[in-house]
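# Structure at a glance
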Amino acid sequence: FEHVDFEHGDMHELPVDDASFDTALLMHALTYTKRPARVFSEVSRVLRPGGQLLAVTLKKHKHEKAVAPFNHVNLGFSPKELENHCRKAGLNPVCCQVTAVEKRLPNFAILTLLAEKPSD
């Protein structure tokens, strides 16, 4: 699509200009960072006013051995943690809730977050 761009880069230091995107997606990326506040700050920086963040990640759990083969560096987040990261980065959380629970053990829960960058 002519009006769609995808960029690849380190989520801690995105290689794009400020206010470059209408939408940012973090699809199961947050379990791979020890610096989630930095990631939210970068997302806020690159979103245009009125832009949206959609993030999907694991809800906080205690199953370290189950995720070790996937090299997760944290054990997920609570909805409150994600909402706080948003607010500190200047984003307004719209919705953050469990949207799926794995049927097989250990029954990981998936959180989906929608946040907006305030309009000027």
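Quick caveat: nothing in here was measured; it's all calculated off a predicted structure.

The next thing to look at is the nonpolar core. Core analysis: the biggest nonpolar cluster contains 23 residues, and Leu-26, Leu-30, Phe-40, Leu-53, Leu-82, Leu-91 and Leu-113 have the highest contact counts within it. Breaking this core down by element, the ones donating at least two residues are strand E1 (21–27), helix H1 (36–46), strand E2 (47–58), helix H3 (79–88) and strand E4 (109–116). Looking at this core element by element, the count peaks at four residues for H1. When near neighbours in sequence (up to four residues on either side) are disregarded, Phe-40 contacts Leu-30, Leu-53, Leu-82, His-85, Cys-86, Ala-89, Leu-91 and Leu-113. By size, the runner-up hydrophobic cluster in this structure holds five residues, among which are Val-56, Val-67, Phe-108 and Ile-110.

Among the residues of H1, those classed as buried are Pro-36, Val-39, Phe-40, Glu-42, Val-43, Ser-44 and Val-46. Of the surrounding elements, those touching the buried residues of H1 are E1, E2, H3 and E4.

We now examine the sheet that holds strand E3 (residues 92–101). Read across the open sheet, the four strands follow the order E1-E2-E4-E3; overall the sheet is mixed. In the strand order of this sheet, the two ends are held by E1 and E3, each with one partner. Adjacent strand axes in the sheet meet at a mean angle of 10 degrees when their direction is disregarded. In the sheet, E1 pairs with E2 via six bridges, with the strands oriented parallel. The residue bridging Leu-26 from the neighbouring strand is Ala-55, located in E2. Here H1 sits on the sheet and contacts E1, E2 and E4; the angle it forms with E2, its principal contact strand, is near 150 degrees.

All right, on to the layout of surface pockets then. Counted as a void, the largest pocket has a volume near 700 Å³. Lining the largest pocket are 24 residues, and of these Glu-7, Phe-21, Thr-23, Ala-24 and Leu-25 lie nearest its centre. Among the secondary structure elements, those contributing two or more residues to the lining of the largest pocket are E1 and H1. The element contributing the most residues to the lining of the largest pocket is E1, with seven residues. A per-class count over the lining of the largest pocket returns 15 nonpolar, five polar and four charged. Leu-58, Val-67, Phe-70, His-72 and Phe-108 are the residues nearest the centre of the second largest pocket, which is lined by 14 residues in total. Mapped by element, the contributors of at least two residues to the lining of the second largest pocket are E2 and helix H2 (64–67).

Turning next to the packing of H1 against H3. It is the contact of H1 with H3, at a shortest axis distance of 8 Å, that shows an interaxial angle of 50 degrees. Between H1 and H3, the angle is such that the two are oblique. At the point where H1 passes H3, the crossing takes the right-handed sense. For the pair H1 and H3, the contacting residues are Pro-36, Ala-37 and Phe-40 in the first and Leu-82, His-85 and Cys-86 in the second. Here the contact of H1 with H3 is composed, by residue class, of five nonpolar, one polar and no charged.

Conventions adopted
Residues numbered from 1 in each chain as written. Predicted model: local features only at pLDDT ≥ 70, side-chain atom pairs only at ≥ 80, totals over all residues. Heavy atoms only, no water. Core = buried A, V, L, I, M, F, W, Y, C linked by side-chain atoms within 4.5 Å. Buried < 20%, exposed > 50% of the residue type's maximum accessible area, 1.4 Å probe, protein only. Helix = DSSP H or I, 4+ residues; strand = E, 2+ residues; numbered from the N terminus. Contact = heavy atoms within 4.5 Å. Pairing = 2+ DSSP bridges. Axes fitted to C-alpha atoms, helices over the stretch in contact; angles between N-to-C directions. 1 Å grid on protein atoms, 1.4 Å probe; cavity = no way out; pocket = protein on both sides within 12 Å on 5 of 7 lines; lining within 4 Å. Points joined across faces, edges and corners; volume = space filled by probe spheres on them. Nonpolar A, V, L, I, M, F, W, Y, C, P; charged D, E, K, R; others polar. Parallel < 35°, antiparallel > 145°, perpendicular 65-115°, else oblique. Left-handed = near helix turned anticlockwise from the far one by under 90°.

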